[in-house]
Amino acid sequence: MNFKEYVIDKLAELTELEKGVIENSVEVPPEEKMGDLAFPCFPLARIMRKAPPIIAAELAEKFNSDEVLDKVEAVGGYLNFFFNRAEFEKETIEAIKASNGNWGTSDIGNGKTVLVEYSSPNIAKPFHIGHLFSTAVGNSLAKIYKHLGYNVQSLNHLGDWGTQFGKLISAYKRWGDPSVIEKDPIKELLKIYVKFHDEAKEHPELEDEAREYFKKLEDGDEETTKLWSYFREQSLVEFKRVYDMLGVKFDSYNGEAFYSDKMQEVVDILDEKGLLTDSEGAKVVDLSELNVPPCIILKSDGATIYATRDIAAALYRHRTYNFDKNIYVVGTPQALHFKQIFAVMEKAGWEWSKNCKHVGFGLVKLPGKSMSTRNGDVVFLEEVLNESIEKTRAIIETNSPDMENKDEVAKKIGIGAILYTFLKNSREKDIVFAWDTMLDFEGESAPYCQYGYARGRSILRRAEGIDYSDADLSKATSDEAYALVKQLNSFGDAVKDAADKNEPFYINRYVTNLTKAFNKFYNTNPIMKDDVDDETKKARLAIVDASTQVIKTALGLLGIDTVESM
Ligand code: ARG
């Protein structure tokens, strides 16, 4: 039974309004005590030539309480509908149970493919906090789309090509020591890369050497290619360590290099369509009609660039996956780049380019630390993750010294705290990392939700042996119980909103509010106390069970793990 549809049908029967009109005006009242749904009678005033409060009063009388509606009240010009709590709870709890951990799923994505490109760090460079932001958002979006039935492909568009590899090869040949590099590849490679930049300031001929090395690499020269793969492999070992910590997996690691032999076709197509113009020796696509700078396709030395590789990648993805959506989770500073390449693709007549979408995000500030990669003074991501885990571990050590699996719990909470922070606000907002908020077990944080879940699980453990599968929900219809079940019921809406806007924060806000409602419920509705009668106990347990399931599912969509006790 869809309670809202029932109300709409009834209203359509009793008034001359069309269902669509009613659906648009039915709203959720601002306060709990005004019921579950409200219908403003103002649009009827003109048709019925009566004052809205009179219409409301007359309509209210035509409703009798039944299985679905408990009562209908006229207040001012509004009709307020109160659902039959027991019935609503029963249906919701049963549906959650039947969903088997898949509550809030949908089939709207069936038969459709969504590509989510995220993380995409650069080889031989640190995986920085911006890449972590991308990883958190992208990983969550991939899960959200999967939940809605889409075929999802997670893509990691590694930055593994470009002139900087000529510099790195030159640096390596001068100062590289494999035994040192193997111990800490990215730090060491970064060190010699930075050294290259310093030296090149005084010896500009180094730049020429680097250009030659990149040319060799582009031409497939064996030695340089070998070095390039070595850097790539070493970097991937480090990146994968971070992905393992986060529980993130990709379907493809095709990076920029993968498209190096697929760019000529793009150049040819753009040329044939007459889109390429000369600009100081470079070939560009003019985009002045959009008021944005031209998109450079070939540099004056004939080398292709980032944008060309992205256009080749989009074409390849279209052919390989025939996607319904191709999402790029990349920082907002690259918005212009995406605007340009999407415009070029549209000019090329690629209809499907309208399904490509840049999903941007803001900057991250770690108080008191520089985030620049240029001077080598960078914050390494793994250090941030480990710091969070250590801080959590210290909190556990103080609060629950007897806990058995401290390491596992510290890891899940520490990492959860970071993911939660990235997904807490609308993604384009800048973020400041503040440990005390992130690890505040009582504030809006991952540990707060994880703790709520663990509390629920511990109640269920204590209830072992009690069969509540046929609980009579009419025994648990307090305001707190009902508010909680209403939250549980609305999970699917949060998932759809998150996908519509590509904003995981809808899930984040949902799970935080759900946990609040859950805490309020078990603080005011005792469950395992002796003076609670059996029937009430069972009904409350059924609600606890459903709540823990949904908290877990929702946190899961954010990439956050739960722990059974903490
Ligand atoms: N590697 C790039 C960076 O670190 C991000 C790549 C974004 N994806 C893309 N298709 N351009 O800035």
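Scope of this entry: the structure provided in the associated data block. In this text the structure is predicted, and so the values were computed from the model without any measurement. Sequence order as written defines the numbering, with residues in each chain counted from 1. Note on the predicted model: pLDDT of at least 70 is required for a residue's local features to be given, and 80 or more for side-chain atom pairs to be given and counted; whole-chain, interface and lining totals, by contrast, use all residues. Note that the side-chain values use all heavy atoms of the structure and ignore hydrogens as well as water.

1. Some thoughts on the site of the ligand
- Proximity is defined per residue: any heavy atom of the residue falling within 4 Å of a molecule or strand makes that residue near it. Taken together, Glu 117, Ser 120, Asn 122, His 131, His 157, Tyr 306, Asp 310, Tyr 328, Val 330, Gln 334 and Phe 338 are the residues near the ligand.
- A distance of 2.7 Å separates a nitrogen atom of the ligand from a polar side-chain atom of Asn 122.
- Throughout this description, a polar contact denotes any pair of N or O atoms lying within 3.5 Å of each other; where both atoms belong to protein, one of them has to be capable of donating a hydrogen while the other can accept it, and for residues adjacent in sequence the pair is counted only when both atoms sit in side chains. His 131 places a side-chain nitrogen or oxygen 2.8 Å from an oxygen atom of the ligand.
- Here the Shrake-Rupley method, with its probe set to 1.4 Å, supplies the accessible areas, and only the displayed protein chains count as covering residues. For the ligand, whose unbound accessible area comes to 350 Å², protein coverage reaches 89%.
- Of the residues that constitute the shell around the ligand, the class distribution is four nonpolar, five polar and two charged. Each residue gets one of three labels, nonpolar for Ala, Val, Leu, Ile, Met, Phe, Trp, Tyr, Cys and Pro, charged for Asp, Glu, Lys and Arg, and polar for the others, Gly among them.

2. Comments concerning the pattern of salt bridges
- What makes a salt bridge here is a side-chain nitrogen of Lys or Arg within 4 Å of a carboxyl oxygen of Asp or Glu, nothing more. If you walk through the whole model with that rule in mind, you get 33 salt bridges.
- In this structure, Glu 397 engages Arg 393 in a salt bridge whose closest nitrogen and oxygen atoms are separated by 3.2 Å. Of the two residues, Glu 397 and Arg 393 both sit in helix α15 (residues 381-399), four residues apart, roughly one turn of that helix.
- Look at Arg 393 and you get partly exposed, because its relative accessible area is 28%.
- Among the ionic pairs, Lys 412 bridges to Glu 408, the shortest N-O distance being 3.0 Å. Of this pair, Lys 412 and Glu 408 both sit in helix α16 (residues 406-422), four residues apart, which is roughly one turn of that helix.
- Through salt bridges with shared partners, a single ionic network connects Arg 393, Glu 397, Lys 406 and Asp 407. Helix numbering and strand numbering both begin at the N terminus, where a helix is a DSSP run of H or I of at least 4 residues and a strand a DSSP run of E of at least 2. For every residue, the accessible area obtained with a 1.4 Å probe (protein chains only) is divided by the maximum for its type, and the residue is called buried under 20%, exposed over 50%, and partly exposed between those limits.

3. Focus on the pairing of strand β6 (residues 276-279)
- Taken together, the four bridges between β6 and strand β7 (residues 282-285) define a ladder with antiparallel strand orientation. Across the sheet, Ser 279 pairs through a bridge with Ala 282, a residue of β7.
- Each pair of strands is called paired provided DSSP finds at least two bridges between the two strands. With antiparallel pairing between neighbouring strands as the criterion, β6 and β7 make up a hairpin whose turn holds two residues, including Glu 280 at a positive phi of roughly 50°.

4. Topic: the sheet that holds strand β5 (residues 151-155)
- If you trace the four strands from one edge of the open sheet to the other, you get β5-β4-β9-β10, paired in parallel fashion. Strands with a single pairing partner mark the edges of an open sheet, and in this sheet they are β5 and β10 (356-359). If you compare each strand with its neighbour and ignore which way they point, the axes differ by 20° on average.
- As judged from the five bridges shared by strand β4 (residues 113-117) and β5, these two strands associate in the parallel manner. Pairing of Val 114 across the sheet is with Val 152, part of β5. Interaxial angle, 0 to 180 degrees, is taken between N-to-C directions of lines fitted to C-alpha atoms, where a helix line uses only the stretch in contact.

5. Structural notes on the environment of Ser 400
- As for its placement among the helices and strands, Ser 400 is situated in the loop between α15 and α16.
- The exposure class assigned to Ser 400 is partly exposed, which follows from its relative accessible area of 24%.
- Along the chain, Ser 400 and Lys 173 lie 227 residues apart, while their C-alpha atoms are 53 Å from each other.

6. Considering the sheet that holds β6
- Here we have three strands laid out as an open sheet, ordered β6-β7-β8, and antiparallel in their pairing. Each edge of the sheet is formed by a strand with only one pairing partner; in this case those strands are β6 and β8 (295-298). With strand direction ignored, the average angle separating the axes of adjacent strands in the sheet is 45°.

7. Quick notes on the packing of helix α7 (residues 164-175) against helix α11 (residues 222-246)
- Direction vectors running N to C along α7 and α11 enclose 95°, while the axes themselves pass 11 Å from each other. Regarding the angle of α7 to α11, the classification is roughly perpendicular. Where α7 approaches α11, its residues Phe 165, Leu 168, Ile 169, Tyr 172 and Lys 173 are matched on the opposing element by Glu 223, Thr 224, Leu 227, Trp 228, Tyr 230 and Phe 231.
- Per-class residue counts for the contact of α7 with α11 are eight nonpolar, one polar and two charged. Roughly parallel here means an angle under 35 degrees, roughly antiparallel means over 145, roughly perpendicular means 65 to 115, and every remaining angle is called oblique. Here, two residues are considered to be in contact whenever any of their heavy atoms come within 4.5 Å of each other.

8. Some details on helix α5 (residues 85-99)
- Working rule for helices: expected span equals 1.5 Å times residues minus one. Here α5 contains 15 residues, and its C-alpha end-to-end distance of 21 Å stays within 8% of the 21 Å for a straight helix at 1.5 Å per residue.
- Against α1 (3-14), β3 (78-83), α19 (479-489) and α22 (534-557) lie the buried residues of α5.
- Between the side-chain oxygen at the start of α5 and the backbone nitrogen of Ala 86 there is a gap of 3.2 Å, and the oxygen is on Asn 84.
- Two residues or fewer after α5 comes Asn 100, characterised by a positive phi angle close to 55°.

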